[in-house]
Amino acid sequence: MGEEIFVVQVVTDGDYGFPLDRVCEIGICKVDLEKVTVDSVYSARTFLEPGSFTKKQKAYFEETSGESIDVLMDGTPLDYIVEDVKR
């Protein structure tokens with residue numbers, strides 16, 4: 001087996017960092033450095049109501065993700081995502 005690393009990408013609703021920004025999306029992929037392969041292992045959107053965003057947060061999320069905040073209405077509660085990633 002080659003050397004593997006996991007790459008995590010998180011999309012938030014701002015550029016201030018914790019604790020001011022909320023996690024909106026998370027993606028994790030496994031990279032085999034020896035074989036030079038990338039496999040997606042996890043992807044989820046966090047449930048957030050569109051009415052909970054300020055104008056600045058909405059603009060930031062939509063600009064960085066390329067999606068409307070409405071997609072987060074079908075998301076998963078953050079607590080479930082955290083437990084899933086821990087497993």
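As the structure is a computational prediction, the values presented were derived from the model and not from experiment. (Residues numbered from 1 in each chain as written. Predicted model: local features only at pLDDT ≥ 70, side-chain atom pairs only at ≥ 80, totals over all residues. Heavy atoms only, no water.)

## Section: the pairing of strand β2 (residues 23-32)
Here is step 1 of the chain: Buried residues dominate β2, accounting for seven of its ten residues.
Here is step 2 of the chain: With eight bridges joining them, β2 and strand β3 (residues 37-45) adopt antiparallel strand pairing. Residue E25 lies in a different strand from β3, and its bridge partner there is R45.
Here is step 3 of the chain: The antiparallel pairing of β2 with β3 creates a hairpin that spans four residues between the two strands, and V36 there sits at a positive phi of about 55 degrees. (Buried < 20%, exposed > 50% of the residue type's maximum accessible area, 1.4 Å probe, protein only. Helix = DSSP H or I, 4+ residues; strand = E, 2+ residues; numbered from the N terminus. Pairing = 2+ DSSP bridges.)

## So, the nonpolar core
Here is step 1 of the chain: Of all hydrophobic cores here, the largest spans seven residues; its members are V11, C24, L48, F53, F61, I69 and L72.
Here is step 2 of the chain: With near-sequence residues (within four places) excluded, C24 lies in contact with V11, T12, D13, A44, R45, T46, L48, F53, F61 and L72.
Here is step 3 of the chain: Grouped together as the second largest cluster of nonpolar side chains are five residues, I26, I28, A44 and I81 included. (Core = buried A, V, L, I, M, F, W, Y, C linked by side-chain atoms within 4.5 Å. Contact = heavy atoms within 4.5 Å.)

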